[in-house]
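Letter by letter, the chains look like this.
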Amino acid sequence: MILAGCDGDRAWRLQDYVARGGYSALKKIIAEKVSQDAIIAELKTSVLRGRGGAGFPTGLKWSFMPRSFPGEKYLACNSDEGEPGTFKDRDILRYNPHSVIEGMTIAAYAMGAARGYNYIHGEIFDVYLRFEEALAEAREAGLLGQNVLGSEFSFELFAHHGYGAYICGEETALLESIEGKKGQPRFKPPFPASYGLYGKPTTINNTETFASVPFIMNMGGETFLELGKPNNGGMKLFSVSGHVNRPGNYEVPLGTPFAEVLEMAGGMRGGRKLKAVIPGGSSSPVIPASVMMDCTMDYDSISKAGSMLGSGAVIVMDETTCMVKALERLSYFYFEESCGQCTPCREGTGWLYRVVHRIENGLGRPDDLELLNSVTANIMGRTICALGDAAAMPVQSFVKHFGSEFEYHIENKKCLVPPEVQRAGS
Ligand code: L3W
Ligand code: SF4
């Protein structure tokens, strides 16, 4: 859907997007003066769920925006893709930026927002530069700016780049960052829908969410929903990485069996055995192979398996993986990226990393697993934003499913997977 036909160097250009049917949804909405309610109703029918991680229903989120508000309302697109394993939004912006511009313009029309910002992760600067070019094309063609397509509707959209801090992908930290402040999350509620950018009502959606909107408007909410399965409408991009033959982004209907996605990614590298999968980016709990092979790729199935579909970043690990080392890497990431505002997260992420690090390095103590569980319990639900939980959940799941590997490390001061086996898989 979003990446279909996006081959070739010029696919991202306005002319190519229009040739693929681009901007037809916006043109129809403006020509037929489709009502705001009708657009939001179509989205609700589609059951498009937020593609950034939380899976919140998009139509419902749009309906939270106050209708009559004395002042500007804002839109923000969260392209601050920093979750380990996730690399889909950068490809949408690289190969189909106009789908995001059209989706945001329709969103602005539906919610009466006058301005929008696309916040792009600082480490993908080429994507930011390309988005600026795409914006210029859209403005030049009268698709953006004052009096869109000659109508009374105006919408100004800007690109904004961050500097690579993971926490700026948290929606309220993103808003703080756009305002020019330190990117630290705000306490919620109030949610951005009532107190967002510059204290004004703001709707924030992920890049893939906005990019899906024109397709929904063209095909109708019902058809979009039927592409997926009940409560899990449409297509979804999965960033498949790790021990597979063809890592990359795969756009498939929600509800596709995991085994099929694995097959599309060329199957297991070297024909090795699957050990575990992180199904939705590093914040989502790890799932052992036997459970994962029975899952379909949708919000409900992955949640039933004890994890989250998250942003759709599927990290595949084979039998050569040392689960302690894998967790050490992840724990370091959260320790490094904690913004430091709340004590359980600032101190707890450091504790988690240091304990896993010492286990990996043969210095583990007999009560370390208990300690890890206790530290995670003291982080979960006690922080301002979800980063604390995101740091704790992988630790809990790794220890739960692969506790014997951790115990082996502690008792034998070495890894259960011999170094030469690990090297063969790396
Ligand atoms: C108004 C209410 N609005 C909820 C809105 C809220 C937000 C959305 C979902 O975290 C997760 C996180 C990461 N009135 C509302 C309301 N809203 N109730 O709905 O809210 P929430 O708090 O459930 O989620 P979130 O803060 O957006 C996102 C996880 O995703 N994650 C992270 C992925 C990272 C990337 C990336 O780098 N690109 O995607 C992956 O699993 O841990 O749990 O808009 O305002 N009553
Ligand atoms: Fe900052 Fe962590 Fe608190 Fe989030 S949970 S506000 S990242 S210290």
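Because the structure is predicted, anything quoted here is derived from the model rather than measured. (Residues numbered from 1 in each chain as written. Chains lettered and ligands numbered in written order. Predicted model: local features only at pLDDT ≥ 70, side-chain atom pairs only at ≥ 80, totals over all residues. Heavy atoms only, no water.)

Assigned secondary structure in the protein consists of 18 helices and 11 strands. Taking 426 residues into account, the globule formula puts the C-alpha radius of gyration at 22 Å, and the protein, at 22 Å, falls close to it. Expressed as lengths along the three principal axes of its C-alpha atoms, the size of the protein is roughly 75 × 45 × 35 Å. Among the 426 residues that make up the protein, the fraction classed as buried is 58%. Here the contacts in the protein between residues at least 6 apart in sequence split such that 70% fall between residues at least 24 apart. Between the averaged position of the 42 positive side-chain charges in the protein and that of its 49 negative side-chain charges there is a distance of 2 Å. (Helix = DSSP H or I, 4+ residues; strand = E, 2+ residues; numbered from the N terminus. Rg over C-alpha atoms; globule rule 2.2 N^0.38 Å. Buried < 20%, exposed > 50% of the residue type's maximum accessible area, 1.4 Å probe, protein only. Contact = heavy atoms within 4.5 Å. Lys, Arg positive; Asp, Glu negative; His and termini not counted. Charge placed at Lys NZ, Arg CZ, Asp CG, Glu CD.)

Below, the discussion takes up the side chain of Thr105. Locating Thr105 in the fold gives a position in helix H6 (residues 97-111). Within the local environment of Thr105, its side chain forms a polar contact with the backbone oxygen of Ile101, the two atoms lying 2.6 Å apart. Residues in contact with Thr105, not counting those within four places in the same chain, are Leu26, Leu143, Leu144, Phe153 and Phe155. (Polar contact = N/O pair within 3.5 Å; in protein donor to acceptor, adjacent residues only side chain to side chain.)

Moving on, we get to helix H3 (residues 36-46). Considered for burial, the residues of H3 that qualify are Ile39, Ile40, Leu43 and Ser46. Angularly, the buried residues of H3 cover 115° about the axis, an arc narrow enough to put them on a single face. Considering only its buried residues, H3 is in contact with helix H2 (24-31), helix H4 (58-63), H6, helix H9 (207-219) and helix H10 (221-227). (Arc of directions from axis to C-beta.)

In the vicinity of ligand 1 there are 20 residues, among which Gly52, Lys61, Gly82, Glu83 and Glu171 approach most closely. Note that an oxygen atom of ligand 1 is positioned 2.4 Å from one of the backbone N or O atoms of Gly52. Within the backbone of Gly82, an N or O atom sits 2.8 Å from an oxygen atom of ligand 1. Using a 2 Å cut-off from the grid points, one finds that ligand 1 occupies the largest pocket. Its residues assigned to classes, the shell around ligand 1 shows 7 nonpolar, 7 polar and 6 charged. (Near = heavy atom within 4 Å. 1 Å grid on protein atoms, 1.4 Å probe; cavity = no way out; pocket = protein on both sides within 12 Å on 5 of 7 lines; lining within 4 Å. Sits in = over half its atoms within 2 Å of the grid points. Nonpolar A, V, L, I, M, F, W, Y, C, P; charged D, E, K, R; others polar.)

Let us look at empty space enclosed by the protein. Within the structure shown, the criterion is met by 1 cavity of 30 Å³ or more. If you add up the space inside the largest cavity, you get close to 70 Å³. Taken together, 13 residues make up the lining of the largest cavity; nearest its centre are Cys339, Cys342, Cys345, Cys385 and Leu387. (Points joined across faces, edges and corners; volume = space filled by probe spheres on them.)

As a further point, take the side chain of His161. Locating His161 in the fold gives a position in strand E3 (residues 156-161). The class for His161 is buried, based on a relative accessible area of 19%. With sequence-adjacent residues up to four places away left out, His161 is seen in contact with Ile120, Phe125 and Tyr128.

Let us look at the packing of aromatic side chains. Tallied over the full model, the rule gives 13 aromatic pairs. Geometrically, the ring pair formed by Phe125 and Tyr128 is tilted, given 5.2 Å between the ring centres and 40° between the ring planes. Pair noted here: Phe125 and Tyr128 are both in helix H7 (residues 125-140), with a separation of 3 residues, about one helical turn. Residue classification places Phe125 among the partly exposed positions, given a relative accessible area of 38%. Relative to Phe335, the ring of Tyr332 has its centre 6.0 Å away and its plane inclined at 75°; by these criteria the two rings are edge-to-face. (Phe/Tyr/Trp six-rings, centres within 6.5 Å; stacked < 30°, edge-to-face > 60°.)

Attention shifts here to the pattern of salt bridges. Applying the stated rule across the entire model yields 23 salt bridges. Its salt-bridge partner being Asp298, residue Lys229 comes within 3.1 Å of it at the nearest N-O pair. Taken together, the residues Lys229 in the loop between H10 and strand E5 (235-242) and Asp298 in the loop between strand E10 (296-297) and helix H13 (299-304) connect sequence positions 69 residues apart. Two residues, Arg358 and Asp368, come together in a salt bridge whose shortest N-O distance is 2.6 Å. You can see Arg358 sitting in helix H15 (residues 343-360) and its partner Asp368 sitting in helix H16 (residues 368-379), a full 10 residues away along the chain. Residue Arg358 shares its accessibility class with Asp368, and that shared class is buried. Here the salt bridges share partners, and the residues they tie into one network are Lys88, Asp89, Glu208 and Lys236. (Salt bridge = Lys/Arg side-chain N within 4 Å of Asp/Glu carboxyl O.)

We now examine the layout of surface pockets. Looking at the largest pocket, its volume works out to about 1,300 Å³. Considering the residues around the largest pocket, the lining is formed by 45 residues, among which Gly52, Gly53, Ala54, Gly169 and Glu171 are closest to the centre. When contributions to the lining of the largest pocket are tallied by element, the ones reaching two or more residues are strand E1 (74-79), strand E4 (202-206) and helix H17 (387-412). Ranked by the residues each element gives to the lining of the largest pocket, the list is headed by E4, at 5 residues. If you add up the space inside the second largest pocket, you get close to 610 Å³. What lines the second largest pocket is a set of 22 residues, and nearest its centre among them are His243, Met317, Thr321, Ala326 and Arg329. Of all the secondary structure elements, the ones that give two or more residues to the lining of the second largest pocket are strand E11 (313-318), helix H14 (323-337) and helix H18 (419-425). A per-element tally of the lining of the second largest pocket places H14 first, with 5 residues.

In short, shape yes, function no, at least from these values alone.
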